[in-house]
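Coordinate inspection notes
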Amino acid sequence: LENAGAIVFTPRERDWQKEEIIVDNDQRLSSGSLYTETNNKYAWETAPTKGFAQHDGNYADGENPFEQGSVRMARTTSQKKRSQISYQPYFKEAGKYAVYVSYQTLVNSVDDARYVVCHKGEETVFHVNQQMGGGTWVYLGTFDFDEGSSEFNRVVVSNESKHKGVVTSDAIRFGGGMGNIVRGGTVSGLPRSLEGARYYAQWAGAPREVYAPNDGANDYNDDYNMRSLMTNWLAGGSVYVPDSTDTGKKVPIEMTLAVHSDAGVNPDNGIVGTLTICTTDNEGKTEYDSGLSRTVSKEYANTLLNSVYEDLSAKYKTWTKRGLWDRNYSETRRPAVPAAIIETLSHQNFKDMTYGLDPNFRFTLARAIYKAMLRTVAKNHDKGYTVQPLQPGNFHIEFTGKDKVTLRWAAVNDPLEASAVPTSYNIYTAIGEGGFNNGENIRSTSHSVELQPGLLYRFRVTAVNYGGESFPTEELAAVYQPDARQTILVVNGFHRLSGPAVIQDEQRLGFDLDSDIG
């Protein structure tokens, strides 16, 4: 979905990184981290609203970290006269870290606040619409960062804008971190990415009535109910969720999807298969507040069911369409936008799980879901669509000169989708200790590069079309050593992608993880 240009919100922490570094004007900074304001024509000042602040220790029920501190703001100006804030964390270890920014939405906020993420010496620029989404974490992307603290690994926000108004800036967070919400007198002791959505919502600044609709009496019920409530809180006030109370964040969330696996066993060792769920009648209400008929959810659920069934059947020759339920489920009733649940397969049924643990199957399933959501959006807006291409194949490097290499690859067409044809390619390059750049777009399926002596060059390639960008190839690398006497080729010994080994005899049925974990 993101490769197709969608902005995706996940109600749970998306980053598996256990470390978390927060840089904030209100925070007592961790050792080595730096917060620096640079003032030019218009100086940074305290905004007339509350903001994020992190205190020592963990968070009790009802504490909102986005109401504990202050926010900085500056009037906008041109590039030559810009003021900026540098958020420079100290990383204990090099690695991948998600980057989240926070700010507050004011009456005169601009829609193009400029953020620069510096990652291993490379720069990626974002323009964030601060007229929505203030007072929570806003995900920019996941990047590689070096160990330690340096200006080559930081985030810089400025008051540069094409519009008159203000830019606000609050805390910036690097990494997913560990759970810090106290329940039952303790925290989970787990990475935040393994916790339920209820706890992340509190950390993200949601009101207590959003993350604890059962008043804290039942965290399990709160967890699945708050996903819809958080959608409505974020989308409130947008074109899709008109909100007269002005308590929403105005983020134009167009649809939601709950991805589940289901219970159940097929006694004949067959496949249980896929089920989708929608709710077209919410206590007699058959329209959303926007005026859209709730039947759109049924069309959406039906598109999901057919897309998954058709693609899995075409590739794996057998799959089961369990059906479409129009019933009263929280995750399809409560959202103020079209919503569906997809029960992908049964996690209790052995035959389903022989597929469910196969990475190739997972990709086909996920791509079928993406295509269904794409088709639904296109139909709702009366637009055509193009499906993003598959990743290039046969990627290889060869020396075609003393200090020159040529990259070559092949286009891969999708037999399940005629529109998924690549029209160009992005080549991403990392040199020496630096990170990957933002890519170079070319039309051909080969590209030559002159290598500087002694530096390792790493490459990966994606396919591109009007529908978006494919997943990348694996990384290939080359180095030119002028004094070398021989050429060495290092070949990746990884030769298959599969699920774990299967045991199936008269007495046993299951997976042999000791023999082959997959």
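Here, every reference points to the structure presented above.
Residues numbered from 1 in each chain as written. Predicted model: local features only at pLDDT ≥ 70, side-chain atom pairs only at ≥ 80, totals over all residues. Heavy atoms only, no water.

Digging into the nonpolar core
The biggest cluster of nonpolar side chains holds 29 residues, and the ones touching the most others in it are Phe52, Trp137, Ala206 and Met230. Contributing elements (two or more residues each) for this core: strand 6 (95-101), helix 1 (197-203), helix 2 (208-211) and helix 3 (219-235). Tallying contributions element by element places helix 3 first for this core, with six residues. For Met230, the contacting residues outside a window of four places in its chain are Phe9, Ala201, Ala204, Ala206 and Val210. Judged by nonpolar contacts, the second largest core, of 27 residues, contains Ala113, Tyr115, Phe126 and Val128. (Core = buried A, V, L, I, M, F, W, Y, C linked by side-chain atoms within 4.5 Å. Buried < 20%, exposed > 50% of the residue type's maximum accessible area, 1.4 Å probe, protein only. Helix = DSSP H or I, 4+ residues; strand = E, 2+ residues; numbered from the N terminus. Contact = heavy atoms within 4.5 Å.)

So, the side chain of Lys249
Mapped onto the elements of the fold, Lys249 is located in the loop between helix 3 and strand 13 (256-262). One buried charged residue, Lys249, remains without a salt bridge, the closest side chain of opposite sign being Glu67 at 8.1 Å. The residues contacting Lys249, other than those within four sequence positions of it, are Met132, Gly133, Gly134, Gly135, Trp233, Leu234 and Gly236. (Lys, Arg positive; Asp, Glu negative; His and termini not counted. Salt bridge = Lys/Arg side-chain N within 4 Å of Asp/Glu carboxyl O.)

Digging into the pairing of strand 10 (residues 154-158)
By the criterion of burial, strand 10 is predominantly enclosed, with five of the five residues buried. Of the two faces of strand 10, both are covered, the one formed by Arg154, Val156 and Ser158 as well as the one formed by Val155 and Val157. Pairing of strand 5 (residues 84-88) with strand 10, which is carried by four bridges, proceeds in the antiparallel orientation. Residue pairing for strand 10: Gln84 is matched across the bridge by Ser158. (Pairing = 2+ DSSP bridges.)

What to know about the packing of aromatic side chains
By the definition in use, this model includes 26 aromatic pairs. Each ring, one from Tyr35 and one from Tyr87, has its centre 5.4 Å from the other, and the planes form 75 degrees; the classification is edge-to-face. Taken together, the residues Tyr35 in strand 2 (residues 34-38) and Tyr87 in strand 5 connect sequence positions 52 residues apart. Taking relative accessible area as the criterion, Tyr87 reaches 0% and is therefore assigned buried. Ring geometry for Phe143 against Phe145: centres 6.4 Å apart, planes inclined by 65 degrees, an arrangement best described as edge-to-face. Each member of the pair, Phe143 as well as Phe145, is classed as buried. Aromatic ring contacts, followed pair by pair, group Phe91, Tyr97, Phe126, Phe143, Phe145 and Phe174 into a single cluster. (Phe/Tyr/Trp six-rings, centres within 6.5 Å; stacked < 30°, edge-to-face > 60°.)

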